[in-house]
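# Results of the structural survey
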Amino acid sequence: EDRGQMLGQFRSHFRSKMSHNRNNLADKTVFVTGAFGVFGQEICRHYLENDANVVFCGHGPEKIEFWHFELAKNYPENRFLVLPLEITDPTSIERAVAQSVDKFTTIDVLVNNAAIDAKLDPGNLQHIDNSSFENYPISLIKKSIDVNTLGTIQMTQIMCRHMLRQGFGNIINVGSIYSVVAPNEALYECGPEGPRYKPIDYVVSKSFIPNFTRYIAALYAKKGIRCNAIAPHGVVDGHSKEFQDRFAKLSPMGRMCERNELAGPFLFLASDSSSYMTG
């Protein structure tokens, strides 16, 4: 009886240990696009703090040295790589993937985070075309589709070739609440500038994420590549109290998302705890 109890306790402990290890990212390399933005920085920081190797990829070669210096203050240099990336340029993508493989051997996870987003926060209002839909410039819609849609597709194509060669892979697409619902324009009717509009280019280019995710997931499920998407709600980023109060009235949670609340879903989907989850 004592031996049976001991064996039961061992099995319980072993299952617990295995379950814990499935959350372990220590043997994984995560490749993040759009890593220099606020959202990307937050995602990358959580991956580093959970022992993953992280490839920071972003627009702007002039930022590489700065980010390498900043990261080296807190993390060993064998755990990260900072690279310039233009996701509209296949040569740039191929180069970044090759450099990542040279350093880390494999790329386990791709986080498709790069996107043009006309964020309606105070520091960005002067950069946004505030035209309503009927007057919104087609040139800006084309620009967003080129980056947000075609760039994401191209990045995923090239990464899928690599993942097929290595025999496994995991893709996390970053969508938006506007991947699944239309903006409630009443949310933006605040501030001294008068009514604002969430631009159509962002809504159009993010709306493709859910079905693109399902397409990749179904196509590669039997070839060892998983694909899932996360659609964050509004994340606090210097928004005015008036905006946050309006948001709270429209949100089931009654508030905006805090940055540190992004960690859980991204860590879960990158880990083996989500190994039977795709699409």
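Preceding this section is the structure that the text describes.
Okay, so let's go over this structure. For clarity, every value in this text was computed on a predicted model and none was experimentally measured. (Residues numbered from 1 in each chain as written. Predicted model: local features only at pLDDT ≥ 70, side-chain atom pairs only at ≥ 80, totals over all residues. Heavy atoms only, no water.)

## Comments concerning the pattern of salt bridges
To be explicit about the condition: Every case where a carboxyl oxygen of Asp or Glu lies within 4 Å of a side-chain nitrogen of Lys or Arg is listed as a salt bridge. Secondary structure elements follow DSSP: runs of H or I of four or more residues count as helices, runs of E of two or more count as strands, with numbering from the N terminus. Here's how the labels work: a residue is buried when its accessible area is under 20% of the maximum for its type, exposed when over 50%, partly exposed in between, all with a 1.4 Å probe on protein chains only.
Scanning all chains against the criterion turns up eight salt bridges. The salt bridge partner of Glu49 is Arg45, with a shortest N-O separation of 3.3 Å. In this pair, Glu49 and Arg45 are both assigned in helix α2 (residues 38–49), four residues apart and thus about one turn of the helix distant. Assessed through its relative accessible area of 44%, Glu49 is described here as partly exposed. The partner of Lys73 in a salt bridge is Glu70, and the shortest N-O contact between them spans 3.0 Å.

## Observations regarding the sheet that holds strand β6 (residues 225–230)
Sheet strands pair via backbone hydrogen bonds, and the direction of the pair is either parallel or antiparallel. Put simply, the test is: Strand pairing is defined by DSSP finding a minimum of two bridges between the two strands. For every element, the axis is a line fit to its C-alpha atoms; helices are fit only across the contacting stretch, and the angle between N-to-C directions ranges from 0 to 180 degrees. In what follows, residue pairs with any heavy atoms lying within 4.5 Å of each other are defined as contacts.
Strand order in the open sheet formed by six strands is β3-β2-β1-β4-β5-β6, and the pairing between neighbours is parallel. In this open sheet, the two edge strands, each paired with only one partner strand, are β3 (80–84) and β6. This sheet shows a mean twist of 15 degrees between the axes of neighbouring strands, independent of strand direction. Pairing between strand β1 (residues 29–32) and strand β4 (residues 109–112): three bridges, direction parallel. Bridge pairing in β4 links Phe31 to Leu110. Set on the sheet, α2 makes contact with β1, β2 (53–58), β3, β4 and β5 (169–174); between it and β2 the angle comes to about 165 degrees. Together, β1, β4, β5 and β6 form the strand contacts of helix α5 (residues 138–166), whose direction differs from that of β4 by roughly 180 degrees.

## Focus on the environment of Met256
With respect to the element layout, Met256 can be found in the loop between α8 (241–250) and α9 (263–270). Through-space distance from the C-alpha of Met256 to that of Gln244 is 6.8 Å; in sequence the pair is twelve residues apart. Apart from residues lying up to four places away in sequence, Met256 is in contact with Gly234, Val235, Val236, His239, Phe243, Gln244 and Phe247.

## Concerning unusual backbone geometry
For Asp51, which is not a glycine, the phi torsion comes out positive at approximately 75 degrees. Mapped onto the secondary structure, Asp51 falls in the loop between α2 and β2. Residue Asp51 is classed as partly exposed on the basis of its relative accessible area of 44%. Backbone geometry places Thr105, a non-glycine residue, at a positive phi of 75 degrees.

## Some remarks on the packing of aromatic side chains
Stated formally: Working definition: rings of Phe, Tyr and Trp (its six-membered ring) pair if their centres are within 6.5 Å, and the pair is stacked with planes under 30 degrees apart, edge-to-face with planes over 60 apart, and tilted otherwise.
Under the definition given, this model contains five aromatic pairs. Taken together, a centroid distance of 6.2 Å and an interplanar angle of 75 degrees make the contact between Phe39 and Phe266 edge-to-face. Residue Phe39 is found in helix α2, and its partner Phe266 is found in helix α9; the two are separated by 227 residues along the sequence. When its relative accessible area of 18% is taken as the criterion, Phe39 is described as buried. Overall, Phe266 belongs to the buried group, its relative accessible area being 2%. Ring geometry for Phe66 against Trp67: centres 5.3 Å apart, planes inclined by 80 degrees, an arrangement best described as edge-to-face. The exposure class assigned to Phe66 is partly exposed, which follows from its relative accessible area of 46%. The buried category is assigned to Trp67, whose relative accessible area is 15%.

## Comments concerning the nonpolar core
Rules: Side-chain atoms within 4.5 Å link the members of a nonpolar core, which is a set of buried Ala, Val, Leu, Ile, Met, Phe, Trp, Tyr and Cys residues.
One finds Tyr47, Phe56, Val111, Ile172 and Phe266 to be the most contacted residues of the largest nonpolar core, which totals 32 residues. Counting residues per element, the ones that place at least two in this core are β1, α2, β2, α3 (64–72), β3, β4, β5 and α9. Excluding anything up to four places from it in sequence, Phe56 contacts Val32, Ala35, Phe36, Cys44, Leu48, Leu71, Phe80, Leu81, Val82 and Leu83. The next biggest cluster of nonpolar side chains, apart from the first, holds 29 residues, and it includes Phe31, Val55, Leu83 and Ala114.

## Quick word on the packing of α2 against α9
Put simply, the rule is: Here the word oblique covers every angle except those under 35 degrees (roughly parallel), over 145 (roughly antiparallel) and from 65 to 115 (roughly perpendicular). Helix crossings are classified by the rotation of the near helix relative to the far one: an anticlockwise turn of less than a right angle makes the crossing left-handed, while a clockwise turn makes it right-handed. Each residue is assigned to one of three groups, with Ala, Val, Leu, Ile, Met, Phe, Trp, Tyr, Cys and Pro labelled nonpolar, Asp, Glu, Lys and Arg labelled charged, and all others, Gly among them, labelled polar.
Closest axis-to-axis distance for the α2/α9 pair is 10 Å, and the angle between their directions is 55 degrees. Overall, the two elements α2 and α9 adopt an arrangement that is oblique. Seen from above, α2 lies across α9 with right-handed handedness. Contacts between α2 and α9 involve Phe39, Ile43, His46 and Tyr47 on the former and, on the latter, Ala263, Phe266, Leu267 and Ala270. When its residues are assigned to classes, the contact of α2 with α9 shows seven nonpolar, one polar and no charged.

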